[in-house]
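Structural description and commentary
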Amino acid sequence: MDTSLVTPRRLNSSTRFSGRKDVLESLQEHFRPRSTGERRMFLLYGMGGIGKTQICLKFSEESSEIFSDIFWIDASSLDTIMASIKGIARSSGAKAAGVDGSVEDVLHWIGSLMTQWLLIFDNADGAPEVVEEFLPPGSRGNILITSRNPSVRRITSANNSLELAEMQEEDAVTLLLKASCLDTLDEELREIAREIVSELYCLPLAVDQAGAAIESGLCSIGNYLQLFSEHRGDLMSNPSFLGASKYEKTVYGTWELSFNEIKHRAELSGGNADAAQSAVLILQTCAFYHYDSISEDIFRFAAEESRKRDIEAEVKLGLPLAITSLDYRLLPVDQDNKWDAYFFRKGLQVLLSFSLIKKQSTSEVFSIHPLVHSWSRDQLDKEEQQRLCRAAFIILSSGISTQKSQSQDYAFESSLYLHIKANEQYSSEIGLQEKYFDDAYSRLQQVFYAAGDWSKTEKLGLEIMDANKRILGADHPSTLISMENLAQIYSRQKQWVKATDLQVQVLDIKKGMLGTNHLDTLKSMEILAITYCKRGLFGLAKQLHKQFLDVQEKELGAERPDTIRSMESLAFTYMELAEFTEAHELQSHVVDLRMVVLGAEHPSTLESIDNLAQISEMHDRHVSRSDVPALASWPEWPGFEHRTEHLNFL
């Protein structure tokens with residue numbers, strides 16, 4: 001038996017190897033001796049630092065009695081493959097067989113062996129064709145491959161492959177304590193270690209390096225997390241803390257190696273350069289989003305929505321605009337201004353091939369490992385961080401539509417909230433000075449409003465209103481819209497006094513500019529009446545209700561849906577004032593109109609009949625004012641939600 005590995009790597013796994021029993025058992029089951037002599041192949045793939053090489057070393061160590069020969073090939077490059085094969089030619093078995101040392105002769109000799117041999121291709125991160133070229137001929141033997149590139153599954157098949165995940169927490173705790181030279185059975189130490197491995201997402205290489213830092217005396221296990229929060233970049237990239245596995249790269253170094261290869265491809269001429277360029281842009285942009293649930297729709301909507309806008313007309317208003325700084329390189333469209341996904345998806349393919357991102361094959365959503373995500377920011381200088389963070393912010397805001405026509409628009413905006421908050425956090429961390437963009441703030445306000453983040457929605461509303469007043473003037477239509485939006489935000493928070501103050505200002509301006517009978521004036525009048533009701537100022541509400549109802553009946557007609565709803569609103573206002581006779585007469589008229597316009601079985605007709613029944617009961621009982629439910633507590637009360645739909649960002 002010849003189980004020596006003729007490469008710079010040692011046969012034995014790290015003495016601190018921990019866990020991974022499930023993976024080792026899967027390998028043992030896959031490669032267990034069988035009566036049939038057919039070749040068996042298996043792929044372990046995953047991100048750099050996930051422990052692929054260590055698992056292979058451990059497996060080969062535990063399986064040395066099963067295999068007659070174990071051959072190890074460093075497949076990280078064509079040169080290392082050639083060097084490893086030449087090393088195999090110097091093994092005693094090859095010499096005894098008279099192998100001449102050529103690559104072809106070595107591979108032919110391995111393929112001709114009638115015993116159970118194992119050939120390991122470690123770090124086969126290139127194209128699958130690279131490994132295929134060096135597979136021994138024949139149909140016998142066992143081949144184990146490790147790679148960052150999931151596409152290598154084309155060699156082994158999807159069923160004969162396994163994507164490595166992070167370690168189990170307790171195994172990671174044991175590894176950390178072993179690497180720190182601390183008692184692995186001390187429960188107090190294990191509790192502290194759990195917090196550390198959680199922060200490191202149980203990534204084996206990161207845990208191992210953390211232990212090396214603790215063991216060196218740089219810090220104690222108790223204050224490692226504080227040091228990590230302040231000096232994450234240095235701890236993850238400092239070669240002094242390579243860890244027990246003797247891995248040649250630090251945590252950050254292993255990903256930097258991949259990224260440098262992508263950047264090198266991007267600088268070359270040829271068909272692969274644009275894919276690499278796309279990959280660089282995607283990773284650098286998404287570094288300033290949340291690491292999870294990054295959707296292609298972020299870029300698709302930004303590409304399409306930005307092309308729909310009349311940017312020249314917007315610029316003429318004089319408000320600061322984010323879209324004038326939008327980077328279109330990741331936002332290509334076709335001749336119809338529809339999203340052209342080809343360039344973007346080629347970039348994703350490159351990132352997937354290095355396991356820098358993860359993606360479900362059935363979804364256009366991908367994620368980045370949290371530590372890779374941190375590295376992608378930490379490896380940039382401050383100027384680059386600030387430039388890319390703002391560019392990512394502008395892409396986010398540019399995809400938000402002001403015209404809601406499809407249900408997925410709302411779902412998309414809901415998904416954006418996480419990324420907007422993350423971008424906001426990173427902006428603060430890198431000291432990016434906040435800059436007002438009217439288009440971006442107005443669109444982001446929609447997202448915060450839908451998420452119920454009233455504090456942020458109100459802050460943006462105030463900034464938008466102040467900027468519009470300052471630049472456009474108090475009477476400008478855009479300023480009035482911003483005031484109405486802010487009033488609605490106050491209303492949703494039940495800050496009725498603040499809402500009323502703004503609505504009175506808007507109404508006064510519209511009366512002066514448009515006249516009392518203008519449709520926009522009437523809408524503002526009705527909204528104010530509703531707010532008065534919410535405040536319990538029913539007398540003022542009645543005056544406004546009657547005023548705009550009179551105009552509606554004259555201008556629009558009594559049978560228009562808006563007019564009928566206004567009648568019903570006034571009927572309820574009468575009821576709140578205990579004016580039951582007036583309420584009953586008006587609600588009866590509402591029922592008659594809906595019978596004619598909608599029919600007896602229409603839901604709105606039935607609702608109005610039910611409302612009439614409630615009013616009739618109170619009218620017959622002549623209840624006192626205190627017995628009548630407050631208007632704000634009536635969930636069926638017709639008015640507030642419907643009447644505010646015209647506001648700009650709803």
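Every value quoted in this text rests on a predicted model; they were computed, and no experiment measured them. (Residues numbered from 1 in each chain as written. Predicted model: local features only at pLDDT ≥ 70, side-chain atom pairs only at ≥ 80, totals over all residues. Heavy atoms only, no water.)

Side note on the packing of aromatic side chains
Definition in use: Any two of the Phe, Tyr and Trp rings considered here, Trp counted by its six-membered ring, make a pair once their centres fall within 6.5 Å; the pair's planes then place it as stacked at under 30 degrees, edge-to-face at over 60, or tilted in between. Strands here are runs of E lasting at least two residues and helices are runs of H or I lasting at least four, both read from the DSSP assignment and numbered beginning at the N terminus. For every residue, the accessible area obtained with a 1.4 Å probe (protein chains only) is divided by the maximum for its type, and the residue is called buried under 20%, exposed over 50%, and partly exposed between those limits. Sitting over a ring, as applied to charges here, requires NZ of Lys or CZ of Arg to be within 6 Å of the ring centre and within 35 degrees of the ring normal.
On inspection of all chains with the given rule, the structure shows 16 aromatic pairs. Note on Phe259 and Trp375: the rings are 5.6 Å apart at their centroids and 85° apart in plane angle, and the pair reads as edge-to-face. Here Phe259, found in helix α12 (residues 251-267), pairs with Trp375, found in helix α17 (residues 370-378); they are 116 residues apart in sequence, far enough to count as distant. Take Phe259: its relative accessible area is 1%, and that puts it in the buried class. When its relative accessible area of 0% is taken as the criterion, Trp375 is described as buried. Measuring from ring centre to ring centre gives 5.2 Å for Tyr449 and Trp454, while their planes differ by 85°; the resulting arrangement is edge-to-face. Over the ring of Phe301 we find Arg300, and its NZ or CZ is 4.5 Å from the ring centre. The residue whose ring lies beneath Arg377 is Tyr426, and the NZ or CZ to ring-centre distance is 3.9 Å.

As for the environment of Gly217
Take Gly217: it is sitting in the loop between α10 (204-215) and α11 (224-237). Looking at Gly217, the relative accessible area reads 59%, which means it is exposed. Between the alpha carbons of Gly217 and His619 there is a distance of 84 Å; along the sequence they are 402 residues apart.

What about the confidence of the model for the protein chain?
Let me state the cut-off plainly: Each residue carries a pLDDT value, the predictor's own confidence for that position, ranging from 0 to 100. In what follows, residue pairs with any heavy atoms lying within 4.5 Å of each other are defined as contacts.
With 91% of its residues at a pLDDT of 70 or more, the protein chain has an overall mean of 87. In this model, residues 1-10 is a region of pLDDT below 50 whose contacts with residues beyond four sequence positions or in other chains number 36 contacts. Low pLDDT, under 50, characterises residues 628-650; the predicted model gives this stretch 61 contacts beyond four residues in sequence or across chains.

Quick notes on the pairing of strand β3 (residues 117-122)
Spelled out, the test is: Should DSSP find at least two bridges between two strands, the strands are regarded as paired.
With 6 of 6 residues buried, β3 is to be regarded as a mostly interior element. Residues Trp117, Leu119 and Phe121 of β3 are buried on one face, and the alternating residues Leu118, Ile120 and Asp122, pointing to the opposite face, are buried as well. Two elements, strand β2 (residues 69-74) and β3, share 6 bridges in a ladder whose sense is parallel. Counted as the bridge partner of Ile73 is Phe121 from β3. Here 4 bridges tie β3 to strand β4 (residues 142-147), and the two strands are oriented parallel to one another.

Comments concerning a nonpolar patch on the surface
Our working rule: Distance thresholds for patches are 9 Å for like charges and 5 Å for nonpolar side chains (Val, Leu, Ile, Met, Phe, Trp, Tyr), applied to residues having over 30% relative accessible area and no salt bridge. To measure how exposed things are, a 1.4 Å probe is used in the Shrake-Rupley method; for residues, cover is taken only from the protein chains shown. Just to be clear on terms, a salt bridge is a Lys or Arg side-chain nitrogen sitting within 4 Å of an Asp or Glu carboxyl oxygen.
A cluster of nonpolar residues, Met595, Val596, Val597, Leu598, Leu606 and Ile609, forms a patch on the protein surface that exposes about 480 Å² of accessible area. When contributions to the nonpolar patch are tallied by element, the ones reaching two or more residues are α27 (580-597) and α28 (603-621). Element by element, the count of residues in the nonpolar patch is highest for α27, at 3 residues. Among the structural elements, Met595 can be located in helix α27.

Points about the sheet that holds strand β8 (residues 365-367)
By definition, the strands of a sheet pair up through backbone hydrogen bonds, in either a parallel or an antiparallel sense. In space, the 3 strands of this open sheet follow the order β6-β8-β7, with antiparallel pairing throughout. In the strand order of this sheet, the two ends are held by β6 (294-295) and β7 (358-359), each with one partner. Pairing geometry for β7 and β8, over 2 bridges, is antiparallel. When the bridges of β8 are listed, Lys358 appears paired with Ser367.

Some words on the packing of helix α8 (residues 169-179) against α10
Operational definition: Each axis is a line fitted through C-alpha atoms, taken for helices only over the stretch in contact, and angles between the N-to-C directions span 0 to 180 degrees. Geometric relationships in this document are graded by angle, where less than 35 degrees denotes roughly parallel, more than 145 denotes roughly antiparallel, 65 to 115 denotes roughly perpendicular, and other angles denote oblique. It is the rotation of the near helix from the far one that decides the hand of a crossing: anticlockwise by less than a right angle makes it left-handed, clockwise makes it right-handed. In the scheme used here, Gly and all other residues not listed as nonpolar or charged are polar, with Ala, Val, Leu, Ile, Met, Phe, Trp, Tyr, Cys and Pro taken as nonpolar and Asp, Glu, Lys and Arg as charged.
It is the contact of α8 with α10, at a shortest axis distance of 7 Å, that shows an interaxial angle of 30°. Accordingly, the angle class assigned to the pair α8 and α10 is roughly parallel. The crossing of α8 and α10 is right-handed. Seen from α8, the contacting residues are Ala172, Leu175, Leu176 and Ala179; seen from α10, they are Pro204, Val207, Asp208, Ala210, Gly211, Ala212, Ile214 and Glu215. When the residues that make up the contact of α8 with α10 are grouped by side-chain class, the tally is 9 nonpolar, 1 polar and 2 charged.

A closer look at helix α23 (residues 496-514)
For clarity, the cut-off: Any helix carries an expected span of 1.5 Å times its number of residues minus one.
Taking 1.5 Å of rise per residue, the 19 residues of α23 would be expected to cover 27 Å, and the 26 Å separating its terminal C-alpha atoms lies within 8% of that figure. Turning to α23, its buried residues are Trp496, Ala499, Thr500, Leu502, Gln503, Val506, Leu507, Ile509 and Lys510. A positive backbone phi angle near 95° is found at Gly515, which sits one or two residues after α23.

Observations regarding the sheet that holds β2
Judged by pairing direction, the sheet is parallel, and its 5 strands sit side by side in the order β2-β3-β4-β1-β5 without closing on themselves. Of all the strands in the sheet, the pair left with one neighbour each is β2 and β5 (161-163). Direction aside, neighbouring strands of the sheet carry axes that sit 15° apart on average. Of the strand pairs in this sheet, strand β1 (residues 40-45) and β4 are connected by 6 bridges, and their pairing is parallel. Pairing of Leu44 across the sheet is with Thr146, part of β4. Together, β1, β4 and β5 form the strand contacts of helix α1 (residues 21-31), whose direction differs from that of β1 by roughly 165°.

With respect to the pattern of salt bridges
In this structure the tally under the stated criterion is 29 salt bridges. In this structure, Glu29 and Arg32 form a salt bridge, with 3.1 Å as the shortest nitrogen-oxygen distance. Looking at Glu29, the relative accessible area reads 42%, which means it is partly exposed. Of the charged contacts, one joins Asp125 and Arg148 as a salt bridge, the two residues approaching to 3.7 Å between their closest N and O atoms. Taken together, the positions of Asp125 in the loop between β3 and α6 (128-132) and Arg148 in the loop between β4 and α7 (153-156) put the pair 23 residues apart, joining distant regions of the chain. By relative accessible area, Asp125 is classed as buried at 17%. Here the residues in one salt-bridge network are Glu170, Glu187, Arg190, Glu191 and Arg194, joined through shared partners.

With respect to the side chain of Arg148
Note the following rule: Between N or O atoms, a polar contact is any pair within 3.5 Å; within protein, one atom must be a potential hydrogen donor and the other a potential acceptor, and residues adjacent in sequence are included only when both atoms are from side chains.
Looking at Arg148, the relative accessible area reads 5%, which means it is buried. Of note is the side chain of Arg148, whose polar atom sits 2.5 Å from the side chain of Ser258.

Focus on the state of the cysteines
What counts, and what does not: Two cysteine sulfurs form what is called a disulfide whenever their separation falls within 2.5 Å.
Under the defined criterion, the tally for this structure stands at 0 disulfides. The structure places no disulfide on Cys181, whose sulfur is separated from the nearest cysteine sulfur, that of Cys219, by 14 Å.

Describing the nonpolar core
Going by this rule: Residues belong to a common nonpolar core when they are buried Ala, Val, Leu, Ile, Met, Phe, Trp, Tyr or Cys residues joined through side-chain atoms within 4.5 Å.
Leu144, Tyr224, Trp255 and Phe299 are the most contacted members of the largest nonpolar core, which has 115 residues in total. The element that contributes the greatest number of residues to this core is helix α13 (residues 273-286), accounting for 8 residues. When residues no more than four places from it in sequence are discounted, the contact partners of Leu144 are Leu27, Phe31, Phe42, Leu44, Cys56, Phe59, Leu118, Leu119, Ile120 and Phe121. Listed in part, the 29 residues of the second largest apolar core include Ala89, Val103, Val106 and Phe121.

Observations concerning unusual backbone geometry
Look at Cys181: it is not a glycine, yet its phi comes out positive at around 60°. Relative to the helices and strands, Cys181 resides in the loop between α8 and α9 (187-199). With relative accessibility at 52%, the residue Cys181 sits in the exposed group. Located in the positive-phi region is Cys202, a residue other than glycine, with phi close to 55°. Secondary-structure assignment places Cys202 in the loop between α9 and α10. Accessibility expressed as a relative area gives 9% for Cys202, which makes it buried.

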